[in-house]
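# Summary of the model geometry
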Amino acid sequence: MESERIPLLLVDDDEDDHIIVRDLLNEIPNNKFALDWSSNYGEALEVIRSGKHLVYLLDYRLGEHTGLDLLNEALSQGCQAPMILLTGRGDNEVDAEALRMGAADYLIKGQFDASLLERSIRYAMKHKSVENELRKVVAELKRSNRDLEQFAYVASHDMKEPLNMVVSYLQLLEKRYHGTLGQEADEFIEYAVQNAMRMQNLVSDLLRYSRLGAGDKPFESVDCGEALKLAIQNLRLPITESGAEVTSDNLPTVQGEKGQIVQLFQNLLSNAIKFRCEGTPRVHVGARNKDDHWLFYCTDNGIGIKPEYADRLFIIFQRLHNRAEYPGTGIGLAICKRIVERHGGRIWFESQPGKGTTFYFTIPTQAEPVKKAKSSAMSRADLS
Amino acid sequence: MNRQGPEKRILCAEDDPDDRLLLTEAFNESGCVAALDFVSDGEEALDYLFRRGKYAKFGQASLPRLILLDLNMPRKNGFEVLREVKSNRRLRSIPVVVLSTSTAEADIQSVYDMWVNSFIIKPGRFDSLVNIMHLLGKYWLEVVELPDSIVGDKNGE
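Residues numbered from 1 in each chain as written. Chains lettered and ligands numbered in written order. Predicted model: local features only at pLDDT ≥ 70, side-chain atom pairs only at ≥ 80, totals over all residues. Heavy atoms only, no water.

Residue and element names in this part refer to chain A. A grouping of Asp13, Asp14, Glu15 and Asp16 is seen on the molecular surface, where their side chains present a negatively charged patch. In this structure, Asp13 sits in the loop between strand S1 (6-11) and helix H1 (15-27). Overall, the relative accessible area of 39% leaves Asp13 in the partly exposed class. (Patch = residues over 30% accessible without salt bridge, like charges linked within 9 Å, V, L, I, M, F, W, Y side chains within 5 Å. Areas by Shrake-Rupley, 256 points an atom, 1.4 Å probe, with all protein chains shown as cover. Salt bridge = Lys/Arg side-chain N within 4 Å of Asp/Glu carboxyl O. Lys, Arg positive; Asp, Glu negative; His and termini not counted. Charge placed at Lys NZ, Arg CZ, Asp CG, Glu CD. Helix = DSSP H or I, 4+ residues; strand = E, 2+ residues; numbered from the N terminus. Buried < 20%, exposed > 50% of the residue type's maximum accessible area, 1.4 Å probe, protein only.)

Listed below in structure tokens is the structure:
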């Protein structure tokens, strides 16, 4: 039965090695491998570029070049097929380097027989196909995640206009006909206005949240002390009203998006003040250097959070109190989480109910924006 | 013509009838004294301003002292209207205020690049809209002076 042969390319400047490998392959019972041979670096690159072979066997010594050079060049040209490096005895460092750079395997010359060669080739192919499959799934997940975000954005964007109309006309009704339709009618209209306005807040928060995912501004140096100052300025009303004392350490400069860092501090401070106990609310913001990242903390003497709520705390629209006690849409911490994750960090809290809460978040010292996959479905540019 | 001069006019380009009604109501509540002329798309706005088509009979007198412009409109959108108005020697003196639901930075930047006079985000509350109409009327119709090419001879006849 003649099945498809598996084309291999051996790159080796020594013809004797070619003969050895060819003979080893021929020893394999029912050998399905078809071996091609290329003896120099430049020619090999051409052949690899043509993409005809399913597996490459690269000798480490290739005249002026090495097998690692070839591996590197082939990978950078987008070569998808697995590459196995053939090295000499005692080249452990080369072997390790090859694997690190993306080789599928290495074989030590003179120390492999037909069955080891066959197994290495088959494993390399299997490994590569699993890897490619995984890469496809990850790309698909990223894309669908992105589409979901776009969906949230488009939906909230398009809901805003009709909702504005509902609120405005209800208010007009309230204004014109208050006291003429009877007390019950006045109440009904009032409930309708209140809830339509609540929905407006939810929609605009959802829009704000989904916009965070779309941000593609490059990072800049952000002085966190200055960002905190801006956040405090934005919160001067609630700070004055509650008599809160906000203090901070010297804060570092990080790589990030300034508006988002301000928002992060602002949401944390705003929560610390909102969920206060009797007595003067005290909030302190600090940061510690932890080698490859900064650990920030924001600690308060507020009502605290029961540990069983830990899982729900950062989920969008999750609220732990009813609206009469503490107003809000339940988006503040979801936004914080999103901002921190976009900066490559994480956020969590420690709390003693009745005593206070400390929120921690990290920002890598060398932060870069966490990239998102491009969406195919909808474009924000179409919207206004 | 009496000593106050001709009636002050505001041109409002808005394609959505619900929005037009709401703007009218808010305008009436605002205490602003002017005639509010509506057009429902960008093409009609330009016909009105250039006195073409059904607006030919209006003559060159009494151009509006303010243009309220929506951005998303059929036929010609607000950007196109703005571009034509601001590239016309006479019309470019008329203040143009964009009233839009857009909060997109790109939209805001591009209308200012085209020399819009103000960009206002349409509010979601009726009383806010009344307040905006009040401020617009107060400022653009009472505080600022426009050239004679728009308002005619200011001293009357």
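This part covers the confidence of the model for chain B. The predicted model of chain B averages 87 in pLDDT, with 92% of residues at 70 or higher. Confidence scores differ between elements of chain B, with helix H6 (residues 148-151) of chain B showing the lowest mean pLDDT of 80 and strand S3 (residues 66-69) of chain B the highest of 96. (pLDDT = per-residue confidence, 0-100.)

This part is about the packing of helix H7 (residues 224-234) of chain A against helix H9 (residues 258-274) of chain A. All names here are of chain A. Packing of H7 against H9 brings their axes to within 8 Å, and their N-to-C directions diverge by 55 degrees. When the axis of H7 is compared with that of H9, the two are oblique. H9 is crossed by H7, and the crossing has right-handed handedness. Residues Cys224, Glu226, Ala227, Leu228, Leu230, Ala231, Ile232 and Asn234 of H7 lie in contact with H9, whose contacting residues are Lys258, Ile261, Val262, Phe265, Gln266 and Leu269. The residue makeup of the contact of H7 with H9, split by class, is 10 nonpolar, 2 polar and 2 charged. (Axes fitted to C-alpha atoms, helices over the stretch in contact; angles between N-to-C directions. Parallel < 35°, antiparallel > 145°, perpendicular 65-115°, else oblique. Left-handed = near helix turned anticlockwise from the far one by under 90°. Contact = heavy atoms within 4.5 Å. Nonpolar A, V, L, I, M, F, W, Y, C, P; charged D, E, K, R; others polar.)

With that settled, consider the sheet that holds strand S12 (residues 293-300) of chain A. Residues and elements named next belong to chain A. Strands sit in the order S9-S11-S12-S14-S13 across an open sheet of 5 strands; the sheet is mixed. This sheet does not close on itself; its edge strands, each paired only once, are strand S9 (245-248) and strand S13 (347-352). Each adjacent strand pair in this sheet contributes to an overall mean axis angle of 15 degrees, direction not counted. Summarising the sheet, S13 and strand S14 (residues 356-364) pair through 6 bridges and their orientation is antiparallel. (Pairing = 2+ DSSP bridges.)

This next bit is on the interface of chain B and chain A. Across the boundary between the two partners, chain B contributes 17 residues, which contact 17 residues of chain A. When the two sides are added together, the surface that chain B and chain A hide from each other amounts to roughly 1,600 Å², 46% of it contributed by carbon and sulfur. Three residues stand out in chain B for area buried against chain A, namely Thr101(B), Arg125(B) and Phe126(B), and they jointly supply 33% of the buried area on that side. For the pair chain B and chain A, the interface holds 3 salt bridges. Across the salt bridge formed by Lys175(A) and Glu29(B), the nearest N and O atoms sit 3.4 Å from each other. At the junction of chain B and chain A, the tally comes to 9 residue pairs in polar contact (both at pLDDT 80 or more). Contributions of two or more residues to the side of chain B that touches chain A are made by helix H1 (17-29) and helix H5 (126-143) of chain B. Among the elements that line the side of chain B that touches chain A, the one with the most residues is H1(B), at 6 residues. (Buried area = accessible area lost by both parts, 1.4 Å probe. Polar contact = N/O pair within 3.5 Å; in protein donor to acceptor, adjacent residues only side chain to side chain.)

So, about the packing of aromatic side chains. For any pair of aromatic rings, the description rests on two quantities: the centre-to-centre distance and the angle between the ring planes. Residue and element names in this part refer to chain A. On inspection of all chains with the given rule, the structure shows 8 aromatic pairs over all chains. Taking the centre distance of 5.8 Å and the plane angle of 45 degrees together, the rings of Phe349 and Phe359 count as tilted. In this pair, Phe349 sits in strand S13 while Phe359 sits in strand S14, placing the two residues 10 residues apart along the sequence. The class for Phe359 is buried, based on a relative accessible area of 5%. Put simply, the rings of Phe265, Phe296 and Phe361 pair up and form one aromatic cluster. (Phe/Tyr/Trp six-rings, centres within 6.5 Å; stacked < 30°, edge-to-face > 60°.)

Moving on, we come to a nonpolar patch on the surface. All names here are of chain A. On the surface, Leu173, Tyr177 and Leu181 cluster together to form a nonpolar patch covering roughly 280 Å² of accessible area. Within the secondary structure, Tyr177 is located in helix H5 (residues 114-177). The exposure class assigned to Tyr177 is partly exposed, which follows from its relative accessible area of 43%.

On to the sheet that holds strand S7 (residues 105-108) of chain A. All names here are of chain A. Here we have 5 strands laid out as an open sheet, ordered S2-S1-S3-S6-S7, and parallel in their pairing. Looking at which strands have only one partner, the edges of the open sheet turn out to be strand S2 (33-38) and S7. Strand after strand, the sheet turns through a mean of 25 degrees between neighbouring axes, direction not considered. Where H1 meets the sheet, it contacts S1, S2 and strand S3 (55-59), and its direction lies at approximately 175 degrees from that of S2.

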